[in-house]
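# Understanding the architecture of this molecule
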Amino acid sequence: MEINAKKTALYCRLSKDDEKDGESSSIETQKAMLMQFAKERKLLPAEIYTDDGYSGLNFDRPGFNAMLDDIIAGKIHTVVTKDLSRLGRDHLTVGHYTEIYFPTHNVRYVAINDGVDTSNAQSSDFAALKNVINEFYSRDSSRKIKAAIVARSKDGKYRAKVAPFGYLKDPDDHNHLIPDPETAPYVEKIFELCASGWGNHRIRDYLREHKVGCPSWFQHSRDLQDLSHMFPDEESRYIWRPDTLRLLIRNRVYVGDCVMCRSTHVFKTKRRKKNNEKDWIVVENTHEPLVSRELFNRANELVSVRRAAYKETLSGYQSVFAGLLKCHNCGKALSRRNYGSNSFHKIYVCGTYATYGVHKCSQHKIFENDLYNTVLTDIKQRAKAALVSKDELIKAIIKISNKDDMTKQKAQLTRYQSAVKRLKEVETFFDKLYEDSALGRLSQENFDRLTAKYQMEQKELKQLVMDFEETSADLADKRSDAEKCVDMLSKYADISELTSEILNTLINRIEVHECESMEGVMQQKIDIYYRFAGLIGPCEYDSLTFYRTSHVKNPVKKRKRNEVIQSQK
């Protein structure tokens, strides 16, 4: 049995723009006004929900979300705000809450200063117009802020919150940059390496080997931003993403220029829209450069040439495996690239490895030809099995899938049984709470506190029971799914080539393991997860492509040599 002790929600919000209105809009003033209103209208008990420093255009606010959660839980019968603008300044969203959301949940809404009370239909006649005016206020403020930003940018003022890597904010003028003695030499070294022909990955490895901290590490270590989640260990400090280097090398701030307004905020959203380069505001020679324009231009010319060559090599080709290939260890997608500068071979490598290097994940390199042939062979074998022995394949699929699910279900069974037992105990506690409250053995305060506690526990237990029952019900659908997979496979027994359509019809994902050297032959495991069935069976192959490793120079030649020796015995 669930008990709902309903209350009044007093909601307060204040943004930076509202602070200029003075004490009349302060959080404390709002709290006092709303509490006085609740007492006069006998709307107690009441709870205050607060969002200090949140824009009215943003409805993802912690206090507001907590209030919505309590509304869904049936704990609130009335919501009170100082005025409609405290609820928000987006007229469409505010209208949704006042005219649809609150009435749907049987919640009364009151905006004191605007005279809005949804229990009185006539009082809400001008609410829509008031919401439009509130939104116009935000639009007008947004236009004024953008105009001020443009004006400051044209004056060569550096407006970003944090100085770029290699610079510090001038203590006498926070819109002016001065070289950072600690990091400026690293910037010059990066440009020198790039201008000498080094690529981003090689520069990344050089910086890590020499223990040069990345830009975000310096921001964190100097308490400019709390980025502790990015640095669980010391090695993480020296992780330089290739994209970070690419953006650094292209940034004109290092030749003393201030480039502003490269993007703009889209009104009523958190998104930023990139501006065309012709719309950027560039003011030259606003601060001391870290590299010469000659070095800057040379480095960027080499980067442009390499990127253009790479794009030309891969242009006009859409991989049939796009969206399907994943690293078995880290789960990231595999990216396609050339194998060496002059090789016609194409390979796929782990995206984490490509970005962060070997200390985050291994290469998981696989040649495109090997992958193509292996997947094609596996599909043809499964498809022929579906035609020859349909029932046997169905049984095999069910056996494999049930093995995985039963392992998970056994782990959840004990928790499920405990949850059912505890759920009955909680319902008994509710009955006793009613009895104790009615006989005066329990105060109203303790009654409300215990009720809220047991309601939360009851909700969590019911969800746990529901999740287990859904998992159990899924087991009954395994045969149906296996039959769908087998019927689907049987149509592709005679395929001679792979297409994106065929792969996406048959397969959910392909996980690639790290390759290993087994007696002079490179072997690699591939997990192919078919639709409706998942992983049907193991899939391994010996690389047929030229492979340079410390263990095997050429497995193809070595394999053929071994075959000749065996035939002569």
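Structure: see above.
Summary of the structure given here.

The rules behind the values
- Residues numbered from 1 in each chain as written.
- Predicted model: local features only at pLDDT ≥ 70, side-chain atom pairs only at ≥ 80, totals over all residues.
- Heavy atoms only, no water.
- Pairing = 2+ DSSP bridges.
- Helix = DSSP H or I, 4+ residues; strand = E, 2+ residues; numbered from the N terminus.
- Buried < 20%, exposed > 50% of the residue type's maximum accessible area, 1.4 Å probe, protein only.
- Arc of directions from axis to C-beta.
- Axes fitted to C-alpha atoms, helices over the stretch in contact; angles between N-to-C directions.
- Contact = heavy atoms within 4.5 Å.
- Expected span 1.5 Å × (residues − 1).

The next subject is the sheet that holds strand β13 (residues 334-338). Sheets are built from strands paired through backbone hydrogen bonds, the pairs being either parallel or antiparallel. The three strands lie next to each other as β13-β14-β15, forming an open sheet whose pairing is antiparallel. Every other strand in the sheet has two partners, leaving β13 and β15 (366-367) as the edge strands with one partner each. As judged from the two bridges shared by strand β14 (residues 346-350) and β15, these two strands associate in the antiparallel manner. Bridge pairing links Tyr348 to Ile366 in β15.

Of all the residues in helix α2 (residues 62-72), the buried ones are Gly63, Phe64, Met67, Leu68, Asp70 and Ile71. One side of α2 holds all its buried residues, which, seen down the axis, span an arc of 160°. Exposed and oriented more than 90 degrees from the buried face of α2 are Asp69 and Ile72. Gly74 sits one or two positions beyond α2 and adopts a positive phi of about 80°.

That bond from Leu44 to Pro45 is cis: its omega, 0°, falls within 30 degrees of zero. Inspection of the secondary structure assignment puts Pro45 in the loop between α1 (27-40) and β2 (46-52). In the Ramachandran plot, Lys42 falls in the positive-phi region, its phi being about 55° despite a non-glycine side chain. Mapped onto the secondary structure, Lys42 falls in the loop between α1 and β2. A positive phi is found at Asn285, a non-glycine position, where the angle reads about 55°. Position of Asn285 among the secondary structure elements: in the loop between β11 (281-283) and α10 (293-314). Residue Asn285 is classed as exposed on the basis of its relative accessible area, which comes to 58%.

The N-to-C vectors of α2 and helix α4 (residues 91-104) enclose an angle of 30°; their axes lie 12 Å apart at closest approach. From α2, Phe64, Leu68, Ile71 and Ile72 reach across to α4, where they touch Tyr97, Tyr101 and Phe102.

To continue, consider helix α6 (residues 184-195). Taking 1.5 Å of rise per residue, 12 residues should cover 16 Å, and α6 covers 17 Å from first to last C-alpha, within 8% of that figure. Of the residues making up α6, those classed as buried are Ala184, Val187, Ile190, Phe191, Leu193, Cys194 and Ala195.

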